[in-house]
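Examination of the molecular architecture
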Amino acid sequence: SAVISQKPSRDICQRGTSLTIQCQVDSQVTMMFWYRQQPGQSLTLIATANQGSEATYESGFVIDKFPISRPNLTFSTLTVSNMSPEDSSIYLCSVGPGQGYVGANVLTFGAGSRLTVL
Amino acid sequence: LAKTTQPISMDSYEGQEVNITCSHNNIATNDYITWYQQFPSQGPRFIIQGYKTKVTNEVASLFIPADRKSSTLSLPRVSLSDTAVYYCLVVGAGSYQLTFGKGTKLSVIP
């Protein structure tokens, strides 16, 4: 399965600022997703990062708050804009099977980026 | 999307077999049952997936009855390192829409 590197692994941010999280994959992947996991909670899908087109956002998440880039098949960024304490969460990047893979629809997750907003 | 129900938490002693049952009464014909494991400070990790009957790999076994309305994840002889949250998901064939429930927090006790 793919190996995912997320940066930063953790950060402490001030209210009103923005932070960009990077997700680097060691192989080309078609499907790339961003999830949020609030403290003590389960994972919630934010958006699907589409290569060459705009991201597809889930209900409750908007592009102005969580702009996403997907410049190629191995990299994506998620920006958390104008942060408030409610944005304190773990943000996880995940990818689907690589190109040419034939099998079950399983996702591989990065270790996550833990954001604390003061 | 089929909703899943699983126990919030379970405790087990080291060396015991642990069975975590998940209910998914509204599973559709083309849905697969998938389990993920999440350790603290890590992302979820795929454990096992099945459609019917029994699936076994080096980590766990998955038992699925004929009606597919439930499934049981079986972890043989758990160790302290198996302490984690285990998520049961129902995923449509070809779909990447993963809906995570609250999962089962397994605590393995020495």
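You'll find the structure just up there.
Note that this is a predicted model, so its numbers are computed, not measured.

The next subject is the interface of chain B and chain A. At the junction of the two partners, chain B supplies 20 residues and chain A supplies 20 residues. Summed over both sides, the interface of chain B with chain A buries roughly 1,600 Å², with 52% coming from carbon and sulfur. Summed over the three residues of chain B that lose the most area to chain A, namely B:Pro44, B:Tyr96 and B:Phe100, the buried surface amounts to 36% of that side. At the level of secondary structure, the elements contributing two or more residues to the side of chain B that touches chain A comprise β3 (31-38), β4 (45-50) and β8 (84-92) of chain B. Broken down by element, the side of chain B that touches chain A gets its largest block of residues, three residues, from β8(B). For the side of chain B that touches chain A, a count of residues per class yields nine nonpolar, 10 polar and one charged.

Residue and element names in this part refer to chain B. Structurally, the position occupied by Gln6 is in the segment before β1 (9-13). Accessibility expressed as a relative area gives 12% for Gln6, which makes it buried. Within the structure, the side chain of Gln6 is placed 2.8 Å from the backbone oxygen of Tyr86, a separation counted as a polar contact. At 2.9 Å, the side chain of Gln6 and the backbone nitrogen of Cys88 are in polar contact. Apart from residues no more than four positions distant in its own chain, Gln6 is found in contact with Ile20, Thr21, Cys22, Trp35, Tyr86, Tyr87, Cys88, Gly103 and Thr104.

Before going further, it helps to spend a moment on the state of the cysteines. In a disulfide, the sulfur atoms of two cysteines are covalently bonded to one another. Under the defined criterion, the tally for this structure stands at two disulfides over all chains. Paired through a disulfide, A:Cys23 and A:Cys93 show a sulfur-sulfur distance of 1.9 Å. Measuring the twist about the S-S bond at about -60 degrees, one finds the A:Cys23-A:Cys93 disulfide to be left-handed. In this pair, A:Cys23 sits in strand β3 (residues 19-25) while A:Cys93 sits in strand β9 (residues 89-95), placing the two residues 70 residues apart along the sequence. A:Cys93 carries the same exposure label as A:Cys23, and that label is buried. The residue that forms a disulfide with B:Cys22 is B:Cys88, at a sulfur-sulfur distance of 2.2 Å.

A separate point is the pattern of salt bridges. Residues and elements named next belong to chain A. Considering all chains together, one arrives at one salt bridge over all chains under this definition. Among the salt bridges present, the one from Lys65 reaches Asp87, with a minimum N-O distance of 2.6 Å. Separated by 22 residues along the polypeptide, Lys65 in the loop between β6 (56-57) and β7 (68-72) and Asp87 in the loop between β8 (75-80) and β9 bring together distant segments of the chain. The class of Asp87 is buried, set by a relative accessible area of 5%.

Turning our attention to the sheet that holds β3(A). All names here are of chain A. The strand order across the open sheet formed by four strands is β1-β3-β8-β7, and the pairing between neighbours is antiparallel. The sheet is open, and its two borders are formed by β1 (4-7) and β7, each paired with just one other strand. Within this sheet the neighbouring strands show an average axis-to-axis angle of 15 degrees, counted without direction. Sheet analysis places β1 next to β3, joined by four bridges and oriented antiparallel. Opposite Ser5, over in β3, you have Gln24 as the bridge partner.

How two aromatic rings sit relative to each other is set out by the distance from centre to centre and by the angle between their planes. Applying the stated criterion across every chain yields a total of 10 aromatic pairs over all chains. Between A:Tyr35 and B:Phe100 the ring centres are 6.0 Å apart and the planes differ by 90 degrees, which places this aromatic pair in the edge-to-face class. With A:Tyr35 in strand β4 (residues 32-37) and B:Phe100 in the loop between β8 and β9 (104-109), this pair bridges two chains. The same class applies to A:Tyr35 and to B:Phe100, which are both buried.

Turning our attention to the pairing of strand β11 (residues 113-117) of chain A. Residues and elements named next belong to chain A. Of the two faces of β11, only the one carrying Ser113, Leu115 and Val117 is buried; Arg114 and Thr116 on the other face are not. For strand β2 (residues 10-13) and β11, the ladder comprises four bridges, and the chain directions are parallel. Along β11, the bridge assignment pairs Arg10 with Arg114. As paired elements, β9 and β11 share three bridges and run antiparallel to each other.

Within this model, the largest pocket holds a volume of roughly 680 Å³. Lining the largest pocket are 31 residues; nearest its centre among them are A:Gln37, A:Gly40, A:Gln41, B:Gln38 and B:Val85. At the level of elements, β9 and β11 of chain A together with β8 of chain B are the ones that each hand at least two residues to the lining of the largest pocket. For the lining of the largest pocket, the per-class residue count stands at 11 nonpolar, 16 polar and four charged.

Parameters and conventions
- Think of each chain on its own: its residues are numbered from 1, step by step along the sequence as written.
- The lettering of chains begins at A and the numbering of ligands begins at 1, in the order of writing.
- In keeping with the predicted nature of the model, local features appear solely for residues at pLDDT of at least 70, side-chain atom pairs appear and are counted solely at 80 or more, and the whole-chain, interface and lining totals rest on all residues.
- Hydrogens and water are ignored here; the side-chain numbers use all heavy atoms of the structure.
- Contacts were defined at the residue level, with two residues in contact if any of their heavy atoms lie within 4.5 Å.
- The term buried area denotes the loss of accessible surface (1.4 Å probe radius) that occurs when two parts are joined, taken as the sum for both partners.
- Each helix corresponds to a stretch of at least 4 residues labelled H or I by DSSP, and each strand to a stretch of at least 2 residues labelled E; elements are numbered beginning at the N terminus.
- Polar here means any residue outside two lists: the nonpolar Ala, Val, Leu, Ile, Met, Phe, Trp, Tyr, Cys and Pro, and the charged Asp, Glu, Lys and Arg; Gly therefore counts as polar.
- Exposure classes here rest on a 1.4 Å probe applied to the protein chains alone. A residue is buried below 20% of its type maximum, exposed above 50%, and partly exposed in between.
- Here a polar contact is recorded for every N or O atom pair within 3.5 Å, except that within protein the pair must consist of a potential hydrogen donor and a potential acceptor, and residues adjacent in sequence are included only if both atoms are side-chain atoms.
- A pair of cysteine sulfur atoms is labelled a disulfide when the two atoms are within 2.5 Å.
- Salt bridge criterion: a side-chain nitrogen from Lys or Arg within 4 Å of a carboxyl oxygen from Asp or Glu.
- Strand pairing is defined by DSSP finding a minimum of two bridges between the two strands.
- Axis geometry follows a simple rule: fit a line to the C-alpha atoms, using only the stretch in contact for helices, then measure angles between N-to-C directions, giving values from 0 to 180 degrees.
- Each Phe, Tyr or Trp ring, with Trp reduced to its six-membered ring, pairs with another whose centre is within 6.5 Å; inter-plane angles below 30 degrees give stacked pairs, above 60 give edge-to-face pairs, and intermediate values give tilted ones.
- Put simply, the grid is 1 Å and covers the protein atoms alone, a cavity is a trapped set of points that fit a 1.4 Å probe, a pocket is an open set with protein on both sides within 12 Å along at least five of seven lines, and lining residues have an atom within 4 Å of a point.
- Grid points are joined across faces, edges and corners, and a volume is the space filled by probe spheres set on the points.

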